Every structure is written in C-alpha cells, then in structure tokens.
Amino acid sequence: AGSGKFFVGGNWKCNGTKESISKLISDLNAATLENDVDVVVAPPFIYIDQVKNSLTDRIEVSAQNTWIGKGGAFTGEISAEQLVDIGCQWVILGHSERRHVIGEDDQFIGKKAAYALSQNLKVMACIGELLEEREAGKTFDVCFKQMKAFADNITNWTDVVIAYEPVWAIGTGKVASPEQAQEVHAAVRDWLKTNVSADVASSVRIIYGGSVNAANCAELAKKEDIDGFLVGGASLKGPDFATICNSVT
Ligand code: PEP
C-alpha cells in the first residue's frame, strides 16, 4: 500500500434479497474495521435505500452504475441526482461487466464520470484488459486508452479512485499475482504523471480488483502502488470482507 488512505469497495453486483442483505448488513455492522481504511459497499440500486437506512455510517454506499446526464425520459435508468437524493455517496463506472457484457464504450463511461462528479458523487473508475489483450502484450495500451477517456472528462481527481481490474481475474478465482498488479498500478501512476499531473499521480488511489479474497489480500496489500481493493464475490460474506478491509494493518 502507498501513502494514501487504504480503500476497499465491495461490489455486490446483481446479488441479494431483502433478507440476505439484511444479514450482510448485520455482519458488517458487527465487524471491527481499522480506522485507516475507507470502506464502501455497492448494493444493487433497489437495495441502496435499505442499506442506507440500516448500515453503519462508518461504511459509505455506492451505486454500480448511473445515467450519463440529468434524469428525464430515459426509461430504466437511474440518475446521479436520484442517487444523491437517497444519500448514496459513490458510483462504480466502467466496470468490465458494463463494458463487455452491456457494451458501454470508453467515451460513454468518461462522460458518465464527468456528470457524476458534477453532481458530487464520488467515482470508482474501473479499467482493465481482457485475457487476449494481455496475451497479445496490449495490457498497458488498453489501460492507458481507458484512462485517457476518464482523463479527458475529469478535471478534479480528488473524488476519484481508480480500480485496476484485469477482466481475466474477475469472478474467475484467478487472482493477479502481486507483481502483475503492481506492474500495472505503477504504469498507470506513471501515465497520470505524464498525462495529468505529478500531484494527481501521487495522490490518487489505485485499487486492485479480481478474485481478491480473505486469503490473498495481505500479500497484494504489501505492494507499494496497491492502495486498496474492489471486491466482488468475497464482499458478499461480511467476515471475509472485513478481513480484506483490515488487510493493510
Ligand atoms: C468485481 O466485480 O469488481 C470483482 C473484482 O469481482 P470478484 O472479486 O468476484 O472477482
């Protein structure tokens, strides 16, 4: 971990029921979390209100997506204004499932980031390469292109956390090695230094996501450019998620 405050996000994806979420909330409320870590959970939209009403304020709440602009005639979408209205503080944008399953492209995601930030939502900006891109030696090209779309749209990085999530590691049980993750994190930081500013490069947190669990988090957390985690599967288990949150201490 670097010098910034450690950050752990839990992405619940399209999982949970009122009942299972109520159990997860009690486990999270009962967990002991170290002081020097920011913790955020991202429930499905329809459960955000339930989570806001029963989860400790110690843990902030995120959406998993948002509409690109002001709300209105956009059937099925949820606006940044609505998220702010119910007390949601964060949004995950550019998750690989939105990019590769739903088909969102770099420009669309970049514009979403700009709009969310303009409405005072904080953003977890996700990037990451597919397996065939890694095998073709294109990992940095892909990550830098995705970073550029964010950088073209973001003027203030204070409320942004970058999540490097190699697609081949998400939900597969194939976690990146600490060295593989560190290599990309350092390259992204270097890209920010060249293309945004030295200040942003040193202050922005870059977190790793992809099959992080209670057993592998401590080794990853030792790497100097890994400032936290975005956790999918293991974030549905309260005690495991708490272990990951506390992995840096
Ligand atoms: C994710 O979806 O952001 C993620 C990292 O998932 P998992 O931890 O299940 O690989």
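Residues numbered from 1 in each chain as written. Predicted model: local features only at pLDDT ≥ 70, side-chain atom pairs only at ≥ 80, totals over all residues.

Enquirer: Sorry if this is basic, but what is going on with the overall build of the protein chain here?
Expert: Scanning the protein chain for helices and strands turns up 11 helices and eight strands. For 249 residues, the compact-globule estimate of 2.2 N^0.38 gives 18 Å, and the C-alpha radius of gyration of the protein chain, at 17 Å, lies within 12% of that figure. Dimensions along the principal axes, computed over C-alpha positions, put the protein chain at roughly 45 × 45 × 35 Å. Within the protein chain, buried positions represent 44% of all 249 residues. (Helix = DSSP H or I, 4+ residues; strand = E, 2+ residues; numbered from the N terminus. Rg over C-alpha atoms; globule rule 2.2 N^0.38 Å. Buried ≥ 20, exposed ≤ 12 C-beta atoms within 10 Å, placed from the backbone.)

Enquirer: For this particular structure, what's the right way to read the site of the ligand?
Expert: Taken together, 13 residues lie around the ligand, and Ile 170, Gly 171, Gly 209, Gly 232 and Gly 233 are the ones closest in. Tallied by class, the residues present in the shell around the ligand amount to five nonpolar, seven polar and one charged. (Near = placed C-beta within 6 Å. Nonpolar A, V, L, I, M, F, W, Y, C, P; charged D, E, K, R; others polar.)

Enquirer: Can you walk me through helix H1 (residues 18–30) in this structure?
Expert: Every α-helix winds through 3.6 residues per turn, so residues three or four apart in the chain are directed the same way. Counted at 1.5 Å a residue, the expected span for H1 with its 13 residues is 18 Å, and the 18 Å between its end C-alpha atoms agrees. Turning to H1, its buried residues number three or more, namely Ile 21, Leu 24, Ile 25 and Leu 28. Within H1, the buried residues cover an arc of 105° as seen down the axis, which keeps them to one side. Opposite its buried face, H1 presents the exposed residues Glu 19, Lys 23 and Ala 30, each directed more than 90 degrees away. Lining the buried residues of H1 we find helix H2 (48–54) and helix H11 (238–245). (Expected span 1.5 Å × (residues − 1). Arc of directions from axis to C-beta. Contact = placed C-beta atoms within 7 Å.)

Enquirer: Just checking my understanding: could you explain the packing of helix H7 (residues 139–151) against helix H8 (residues 178–195) for this structure?
Expert: Each pair of packed helices can be described by the angle between their axes along with the distance between the axes. Taken N-terminus to C-terminus, the directions of H7 and H8 make an angle of 45°; their axes are 10 Å apart at the nearest point. The pairing of H7 with H8 is recorded here as oblique in orientation. Judged by the sense of rotation from one axis to the other, the crossing of H7 with H8 is right-handed. Across from Thr 139, Phe 140, Cys 143, Phe 144, Met 147 and Ala 151 in H7, the residues of H8 making contact are Val 184, Ala 187, Val 188, Trp 191 and Asn 195. Partitioning the contact of H7 with H8 into residue classes produces nine nonpolar, two polar and no charged. (Axes fitted to C-alpha atoms, helices over the stretch in contact; angles between N-to-C directions. Parallel < 35°, antiparallel > 145°, perpendicular 65-115°, else oblique. Left-handed = near helix turned anticlockwise from the far one by under 90°.)

Enquirer: What am I meant to see in the packing of helix H5 (residues 106–118) against H7 here?
Expert: At a closest axis distance of 8 Å, the pairing of H5 and H7 adopts a crossing angle of 40°. When the axis of H5 is compared with that of H7, the two are oblique. When the axes of H5 and H7 are compared, the crossing they make is right-handed. Facing Asp 106, Gln 107, Ile 109, Gly 110 and Ala 113 of H5, the residues of H7 in contact are Lys 145, Gln 146, Ala 149 and Phe 150.

Enquirer: When you look at the sheet that holds strand S2 (residues 37–42) in this model, what are you seeing that I'm missing?
Expert: Sheet strands pair via backbone hydrogen bonds, and the direction of the pair is either parallel or antiparallel. Strand order in the closed barrel formed by eight strands is S1-S2-S3-S4-S5-S6-S7-S8, and the pairing between neighbours is parallel. Taking each pair of neighbouring strands and ignoring which way they run, the sheet shows an average axis angle of 25°. As defined by bridge partners, strand S5 (residues 122–127) adjoins strand S6 (residues 160–164) across five bridges and the pair is classed as parallel. Bridged to Met 124 within S6 is Val 161. (Pairing = 2+ DSSP bridges.)

Enquirer: Looking at this model, I keep getting lost on H5. Mind explaining?
Expert: Here H5 contains 13 residues, and its C-alpha end-to-end distance of 18 Å stays within 8% of the 18 Å for a straight helix at 1.5 Å per residue. Residues of H5 that are buried include every one of Ile 109, Gly 110, Lys 112, Ala 113, Tyr 115, Ala 116 and Leu 117, and no others. Along its buried surface, H5 packs onto helix H3 (80–85), strand S4 (90–93), S5 and H7. Count one or two residues on from H5 and you reach Asn 120, which has phi positive near 70°.

Enquirer: Honestly, the environment of Val 204 in this entry has me stumped. Any pointers?
Expert: Here Val 204 shows up in the loop between helix H9 (198–203) and strand S7 (205–209). Classification of Val 204 by C-beta neighbours within 10 Å gives buried; the count is 21. Taking the C-alpha atoms as reference, Val 204 lies 9.2 Å from Leu 192; in sequence the two are 12 residues apart. Residue contacts for Val 204: discarding those within four places in its chain leaves Trp 157, Val 160, Ile 162 and Leu 192.

Enquirer: Please clarify how the environment of Asn 153 should be interpreted in this entry.
Expert: Its location among the elements puts Asn 153 in the loop between H7 and S6. Given 18 C-beta atoms within 10 Å, Asn 153 falls into the partly exposed group. Taking C-alpha positions, Asn 153 is 8.9 Å from Tyr 115, a pair spaced 38 residues apart along the chain. In this structure, Asn 153 is in contact with Gly 110, Lys 111, Ala 113 and Ala 114, ignoring residues within four places of it in sequence.

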